[in-house]
Amino acid sequence: MSLPPPVLYHASLEHADDDEATHIRELTEVFARMALTVAEQEGHAHRAVHAKGQGLLKGRLRVLDGLPAELRHGLFARPGSYDALVRLSSPPAEQLPDSVSTPRAMALKVMGVEGPRAEGAEEQHSQDFLMVNGPAFNTPGVAGFLRAAKLLAVTTERMPRTKRMISATLRGAEAALEAVGGQSATLKGMGGEPQHHPLGETFFSQVPFLYGPYMAKFSLAPLSPALLALTGDKIGSDEDAQREAVVAFFTDLPNPVEWELRVQLCRDVERMPIEDASVAWPEADSPFLPVARLSMAQQEAWQPGSSPGIEDALAFAPWHALAEHRPLGGLNRARRVVMAASRQFRSRFNGCPIHEPVG
C-alpha cells in the first residue's frame, strides 16, 4: 500500500495559546526552584530533568546511502559519517536510587554537522536528538507540563523512602495495565516504569521537528541481536542498577552494536498533530523509516572519577539543531527557554563552563 505524501510545513500549523508565554515563565521559575533545591541539598547543580546519568558513551552515526527523496533533508541529505556522544539518563531533578523507577532517556549529540542553524542555536556544529522510551508525552502542551512540573516540585528532595514505596506500587499497576494491552505514560512518569534494561528500549522524540520542507518525529531502535536480546530484560532495583547494567554490557562487548535512527513523517495533520504532544502518531498511517545507524563499540560506559565532570561541561538540547530540523510546537518552545535557564544556573553554580564538544 502506498503512503500519502508528507505534509508541507506551514507556519499556520504552529499556534501558541494566549497564555503560553505566561506558562513558560512559570515553568522556568518552577524548574529554577527545583534546581536550586537540589543544588543546595546535594552541593552540586544537576540538570533540571533527567538529572541522573546512567551512561556516557562515544559512538559513530552513519547516514544511510540510497534514501528516498522525501528523506534526503538536513543531516540526512547525503551519506556521511559523524562522531557522536550518547548520554543515557533518567528523571527527575534528583539523583534518586533506581528503585524509584522512572522513564529511560537517551540523548544523542551528532558532531561536526555543517549547515545553517536554527534561530538561537547555541552550538554551531552539533545536531542533538533527545528521546524517551515512550512515543508520546504525558500532557498535550505547555499548560499540562506546568501542572506536572508543579506537582514534581513539591516532592523534590523529599520523602525518598516513600518514593520507593510508591514506585513499587505504580510498577505493579503499570504491569497490570500492560497485561491487558495498555500502558500509561502518567504511571511511568510517576515511578511506575518497568525495571527493564535501558539498552533494550526503543526511544522516541515525542515532539515534532522540521524535516526539510516537512515535519517529523524521530526514533532510535535497537538493531543488533545483542541489544534486541535486552528488550524487556529485567534488571535489579539497586541504587545504580541501570548504570551498572550499562557498564557491564559495554565492558564485555565483543563486537560493536548498532541502533537504527528512524524518521516518521507527518502525512495527516489531523491524526498527527503538531501542537498536541500527547498524541502518538499512528504508525499505520506513517511508519518510522530508517535514515541512519548509530554504532558503539566496547568502552567504559561510566567512569566515576571523570564522567560526572564531563557531564557538567556538556549540554544536550533540541535547539542544538540545523535550521532544517528546527523544533516545532509549544513544548519545544518551552524547552528552549526552560533548558537554557537550567544550563546557565548549572554552569554558574558549579563554576563549570558548558561548551560544544568536537569530534
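Residues numbered from 1 in each chain as written. Predicted model: local features only at pLDDT ≥ 70, side-chain atom pairs only at ≥ 80, totals over all residues. Heavy atoms only, no water.

Some remarks on empty space enclosed by the protein
Under the counting rule described, the total for this entry stands at 3 cavities of 30 Å³ or more. In this structure, the largest cavity spans a volume of roughly 50 Å³. The wall of the largest cavity is formed by Gln127, Asp128, Phe129, Leu130, Met131, Ser205, Phe209, Phe218 and His325. With 5 residues, strand S4 (residues 126-132) is the single largest residue contributor to the lining of the largest cavity. Residue classes in the lining of the largest cavity are distributed as 5 nonpolar, 3 polar and 1 charged. (1 Å grid on protein atoms, 1.4 Å probe; cavity = no way out; pocket = protein on both sides within 12 Å on 5 of 7 lines; lining within 4 Å. Points joined across faces, edges and corners; volume = space filled by probe spheres on them. Helix = DSSP H or I, 4+ residues; strand = E, 2+ residues; numbered from the N terminus. Nonpolar A, V, L, I, M, F, W, Y, C, P; charged D, E, K, R; others polar.)

Structural notes on the environment of Val257
Take Val257: it is sitting in strand S8 (residues 257-265). Taking relative accessible area as the criterion, Val257 reaches 2% and is therefore assigned buried. Each C-alpha atom, one on Val257 and one on Ala297, is 6.5 Å from the other, the two residues being 40 residues apart in sequence. Sequence-distant contacts of Val257, that is, excluding residues within four places in its chain, are made with Ser224, Ala226, Leu227, Phe249, Phe250, Leu294, Ser295 and Met296. (Buried < 20%, exposed > 50% of the residue type's maximum accessible area, 1.4 Å probe, protein only. Contact = heavy atoms within 4.5 Å.)

Let's talk about the nonpolar core
By size, the foremost hydrophobic cluster in this structure holds 58 residues, and its most contacted members are Phe76, Phe250 and Trp259. Ignoring any residue separated from it by four or fewer positions in sequence, one finds Phe250 in contact with Leu57, Leu199, Val257, Trp259, Met296, Ala297, Gln298, Gln299 and Ala301. The next biggest cluster of nonpolar side chains, apart from the first, holds 10 residues, and it includes Leu56, Trp302, Phe316 and Met339. (Core = buried A, V, L, I, M, F, W, Y, C linked by side-chain atoms within 4.5 Å.)

So, the environment of Glu26
Considering the arrangement of structural elements, one finds Glu26 in helix H1 (residues 20-42). Between the C-alpha atoms of Glu26 and Lys150, which are 124 residues apart in sequence, the distance is 9.4 Å. Those residues within four positions of Glu26 in sequence are excluded, and the remaining contacts are Leu146 and Lys150.

A word on the pattern of salt bridges
A full pass over the atoms with the stated rule returns 16 salt bridges. Across the pair Arg326 and Glu14 runs a salt bridge whose closest N-O atoms are separated by 3.3 Å. Of this pair, Arg326 sits in the loop between helix H7 (307-312) and helix H8 (330-350) while Glu14 sits in the segment before H1, and the two are 312 residues apart along the sequence. A salt bridge links Asp83 to Arg60, with the shortest nitrogen-to-oxygen separation between them at 2.6 Å. Of this pair, Asp83 sits in strand S2 (residues 80-90) while Arg60 sits in strand S1 (residues 52-63), and the two are 23 residues apart along the sequence. Connected through salt bridges with shared partners, the residues Glu14, Glu20, Glu275, Arg326 and Arg333 form a single ionic network. (Salt bridge = Lys/Arg side-chain N within 4 Å of Asp/Glu carboxyl O.)

These figures capture arrangement, not role.
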